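Structure at a glance
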Amino acid sequence: MRRPIVWDGAGELRYEIREIVRVAHCIAAAGLPVVYENIGDPVQKGEKVPSWIKDIVVSLTQQDTSYCYTDSQGDYATREFLAATVSARGGARIGPEDIYFFNGLGDAVARIFGYLKREARVIGPSPAYSTLSSAEASHSGYEHLTYRLDPDNNWMPDISDIENKVRYNPSIAGILLINPDNPTGAVYPRETITAMIDIARRYDLFVICDETYANIIYNPDHSVPLSEVIDGVPGMALRSISKEYPWPGGRCGWIEVYNQKRDPEFARYITSILDAKRLEVCSTTLPQMSIPRVFSDPRYADHLRSRNAVYEQRALEATEILSSVPGMKVIKPKGAFYITAVFDEGLLTDTQSLPVKNTETGQYLDTILPSVAPDKRFVYYLLASAGICVVPLSGFCCDLPGFRATLLESDDRLRKETWLKIADSVRRYTGA
């Protein structure tokens, strides 16, 4: 074209969690059945949505108002309900005007970074969640800025690393955290979050906390909502029903904004997000309307408790099997539904392999293996040899070699068989 039309951040749009699926589809087309452990969709992996939740949704479809537009910020009654829920926790007190609905949190993340001044950076965790890290990198045109999550300290954020990077990089305007964390499954104690809030306060930053998995935690650990500890610091929490009902296809997420009136610059930034939302008109009405009825139903607490018990047992099963493999560090997740394994330094090389029976698949691997990270090389061989699709840790803005897998498979036999196959594949691949 007569002039460049691609924006500077286009090269930073990477979503390894779904990109690995392209490879999996090519391998499946060659005749090898694939077990997908890459994407966090509980329903796709066999979890049944409770019939009473379905009944609520069905009853709402009988109301004509569920077919209407909502306010641009979202259904007012739902925002009123959520604001009251937040305020009842103690800590930040908000109103319906502080809640903003989007078509899933992917939409929210695109707006959050799309209307942030390009020179303003947000530092986030490493390993990172791809949607957040890619959006931040794309908006700036540079690699995502990260702080370290420490696998030797239960994947806790390295507070000194955060402060040092904030102190010496004046472009940093915000701190991002994910609690419970994706991909590590870590749940941060109150003192860790308050330490991050303290850094934001002292350096005049805002805070973003992705709380998608806030109610998917394994006792006795307790996930502390950002609203309880934000104090007077500007910030926002990202929430969703996709993993919790679960209803990932509902594409219903929202942000809760705290202390937006405390800082004029932050307030103007939030207003710009709402202005952009008005251009879209609104987000889908039906799932929004279901929230007060589902969340306030007396069966909901038991629903969450039973799911958490199941995920905790699966986390224990996977941890025991994978941690038995020499040269691999596995920390039992405490929330969300993922597990992350890290290989010892130097364990992976660029010459290791696993047997691949299908000639066509082997030839395909030869075309994609050159110049890939060592952990991605292992993931590709695991896929081509055992038919198991996981995500390389290098795809999460991380220099630690490893992989992330979900805990979502509902078939007990298949799930255990998958973990055993992964463990055996690591042993054979590394010679352990």
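This section reports on the structure supplied with the text. (Residues numbered from 1 in each chain as written. Predicted model: local features only at pLDDT ≥ 70, side-chain atom pairs only at ≥ 80, totals over all residues. Heavy atoms only, no water.)

**Topic: the overall build of the protein**
- On a plain count of helices and strands, the protein comes out with 14 helices and 14 strands.
- On C-alpha atoms alone, the protein measures out to a radius of gyration of 22 Å, which is about the 22 Å that the 2.2 N^0.38 rule sets for 432 residues.
- Along the three orthogonal principal directions, the C-alpha set of the protein runs to about 60 × 55 × 55 Å.
- Going through the 432 residues of the protein one by one, you find that 58% of them count as buried.
- Restricting to contacts in the protein with at least 6 residues of sequence separation, those with at least 24 account for 73%.
- Of the roughly 18,600 Å² that the protein leaves accessible, carbon and sulfur atoms contribute 51%.
- Averaging the coordinates of the 47 positive side-chain charges in the protein and doing the same for the 55 negative ones gives two points 2 Å apart. (Helix = DSSP H or I, 4+ residues; strand = E, 2+ residues; numbered from the N terminus. Rg over C-alpha atoms; globule rule 2.2 N^0.38 Å. Buried < 20%, exposed > 50% of the residue type's maximum accessible area, 1.4 Å probe, protein only. Contact = heavy atoms within 4.5 Å. Areas by Shrake-Rupley, 256 points an atom, 1.4 Å probe, with all protein chains shown as cover. Lys, Arg positive; Asp, Glu negative; His and termini not counted. Charge placed at Lys NZ, Arg CZ, Asp CG, Glu CD.)

**Considerations on the pattern of salt bridges**
- Evaluated as defined, the whole model comprises 31 salt bridges.
- A salt bridge links R111 to D107; its shortest N-O distance comes to 3.3 Å. On the criterion of helical spacing, the pair formed by R111 and D107 is a turn pair, its members being 4 residues apart in helix α4 (residues 105-114). We note that R111, like D107, is buried.
- For D198, the salt bridge identified is with R202, shortest N-O distance 2.8 Å. (Salt bridge = Lys/Arg side-chain N within 4 Å of Asp/Glu carboxyl O.)

**What to know about the side chain of K277**
- Tracing the chain through its elements places K277 in helix α9 (residues 264-280).
- The buried category is assigned to K277, whose relative accessible area is 2%.
- Among the polar contacts listed, one links the side chain of K277 to the side chain of S283, at a separation of 2.4 Å. (Polar contact = N/O pair within 3.5 Å; in protein donor to acceptor, adjacent residues only side chain to side chain.)

**A look at the sheet that holds strand β10 (residues 328-330)**
- Read across the open sheet, the 4 strands follow the order β10-β11-β14-β13; overall the sheet is antiparallel. Because the sheet does not close on itself, it has two edges, and the strands there are β10 and β13 (391-392).
- Looking at chain direction, β13 and strand β14 (residues 402-406) are connected through 2 bridges and run antiparallel. Across the sheet, the residue bridging to V391 is R404, located in β14. (Pairing = 2+ DSSP bridges.)

**Quick word on helix α14 (residues 412-430)**
- Given a rise of 1.5 Å per residue, 19 residues ought to cover 27 Å, and the 27 Å separating the end C-alpha atoms of α14 matches this to within 8%.
- Of all the positions in α14, only R415, T418, W419, I422, A423, S425, V426, Y429 and T430 are classed as buried. Buried residues along α14 cover an arc of 160° about the axis, so they all sit on one side. Among the exposed residues of α14, those pointing more than 90 degrees away from its buried face are D412 and R413.
- Two or three places before R413, at the start of α14, stands the capping residue D411, its side-chain oxygen 3.1 Å from that residue's backbone nitrogen.
- Directly after α14, the chain includes G431, whose backbone phi takes a positive value near 75°. (Expected span 1.5 Å × (residues − 1). Arc of directions from axis to C-beta.)

**A few points about the pairing of strand β9 (residues 253-258)**
- Within β9, 6 of the 6 residues are buried, which leaves it mostly tucked inside the rest of the structure.
- When strand β2 (residues 99-102) meets β9, the two strands line up antiparallel, connected through 4 bridges. What sits directly across from Y100, in β9, is I255.
- Sheet topology note: the strand β8 (residues 235-240)/β9 ladder contains 6 bridges and is antiparallel. Opposite R239, over in β9, you have W254 as the bridge partner.

**Quick look at the packing of α4 against helix α5 (residues 130-140)**
- Close contact between α4 and α5 brings their axes to 9 Å; oriented N to C, the two are set at 25°. In terms of axis orientation, α4 runs roughly parallel to α5. Seen along the crossing, α4 lies across α5 with a hand that is right-handed. Here G106, V109 and F113 of α4 come into contact with α5, specifically with T131, L132, A135, E136 and H139.
- Residue classes in the contact of α4 with α5 are distributed as 4 nonpolar, 3 polar and 1 charged. (Axes fitted to C-alpha atoms, helices over the stretch in contact; angles between N-to-C directions. Parallel < 35°, antiparallel > 145°, perpendicular 65-115°, else oblique. Left-handed = near helix turned anticlockwise from the far one by under 90°. Nonpolar A, V, L, I, M, F, W, Y, C, P; charged D, E, K, R; others polar.)

**So, the packing of aromatic side chains**
- This model, assessed by the stated rule, comprises 19 aromatic pairs.
- Residues Y245 and Y300 carry aromatic rings whose centres are separated by 6.5 Å and whose planes lie at 75° to one another, so their mutual orientation is edge-to-face. Of this pair, Y245 sits in the loop between β8 and β9 while Y300 is found in helix α11 (residues 300-322), placing the two residues 55 residues apart along the sequence.
- Since its relative accessible area comes to 1%, Y245 is described here as buried.
- In textbook terms, an aromatic cluster arises when at least three aromatic residues are bridged by ring pairs, as seen for W52, F101, Y245, W247, W254, F295 and Y300. (Phe/Tyr/Trp six-rings, centres within 6.5 Å; stacked < 30°, edge-to-face > 60°.)

**Here we look at the packing of α4 against α9**
- Running from N to C, α4 and α9 point in directions that differ by 125°, and their axes come no closer than 9 Å. Considered as vectors, α4 and α9 are oriented oblique to each other. Every pair of crossing elements has a handedness; the one defined by α4 and α9 is right-handed. Side by side, α4 and α9 meet where D107, R111, I112 and F113 of the first sit next to Y269, I273, A276, K277 and E280 of the second.
- Its residues assigned to classes, the contact of α4 with α9 shows 5 nonpolar, no polar and 4 charged.

**Re the sheet that holds β9**
- Overall, mixed pairing links the 8 strands, which are arranged β2-β9-β8-β7-β6-β3-β4-β5 in an open sheet. Two strands bound the open sheet, and with one partner strand each, they are β2 and β5 (156-157).
- Most of the contacts of α4 go to β8, to which it runs at about 160°, and overall it touches β2, β3 (121-126), β7 (206-210), β8 and β9.
- Of the strands in this sheet, β3, β4 (146-150), β5 and β6 (172-178) touch helix α6 (residues 159-168), which is tilted by about 170° from β4.

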